[in-house]
Amino acid sequence: MQLSMTRAVPRPSAGIIDDIEREDNKKGFEPDDLAAFHQLVRHLTADGDRRAASAGHRERHKLAEMTVAGQGR
């Protein structure tokens, strides 16, 4: 007869690191992250305006005009 000394390993539960990370995520973006995001949006907006101007467009497109359904002007 062979005896086994094994037992089921309990599933790991969230630890202190997970708790801290969850609380940090509830606070939202960090100022540095938010500044980088705004810089990216400004860059993309300026690039889009430049491309529109070179294509002869003077005003920004409305969201409905940018969708597939809005292309049949």
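Right, let's walk through the structure included here. Worth saying up front: this structure is predicted, and the values here are computed from it rather than measured.

Thresholds, definitions, all that
Residues numbered from 1 in each chain as written. Predicted model: local features only at pLDDT ≥ 70, side-chain atom pairs only at ≥ 80, totals over all residues. Heavy atoms only, no water. Patch = residues over 30% accessible without salt bridge, like charges linked within 9 Å, V, L, I, M, F, W, Y side chains within 5 Å. Areas by Shrake-Rupley, 256 points an atom, 1.4 Å probe, with all protein chains shown as cover. Salt bridge = Lys/Arg side-chain N within 4 Å of Asp/Glu carboxyl O. Helix = DSSP H or I, 4+ residues; strand = E, 2+ residues; numbered from the N terminus. Buried < 20%, exposed > 50% of the residue type's maximum accessible area, 1.4 Å probe, protein only. Expected span 1.5 Å × (residues − 1).

With that out of the way, let us pick up a nonpolar patch on the surface. On the surface, F29, L34, F37 and V41 cluster together to form a nonpolar patch covering roughly 400 Å² of accessible area. Turning to its location among the elements, F37 is positioned in helix α2 (residues 31-54).

For the structure on display, the rule yields four salt bridges. Here K26 makes a salt bridge to E23, at a shortest N to O gap of 3.6 Å. Separated by three residues within a single helix, K26 and E23 lie in helix α1 (residues 16-26), roughly one turn from each other. Overall, K26 belongs to the exposed group, its relative accessible area being 62%. Here E23 falls in the partly exposed class, since its relative accessible area comes to 47%. As a salt-bridge pair, D47 and R51 come within 3.0 Å of each other at their nearest N and O atoms. A residue pair is termed a helical-turn pair when its members lie 3 or 4 positions apart in one helix, as D47 and R51 do in helix α2 at four residues. One network of salt bridges, with partners in common, ties together D47, R50 and R51.

Moving on, we get to α2. Its 24 residues give α2 an end-to-end C-alpha distance of 35 Å, which sits within 8% of 34 Å, the value for a rise of 1.5 Å per residue. Downstream of α2 by one or two residues, G56 has phi in the positive range, about 95 degrees.

Read these as spatial facts, not as claims about activity.
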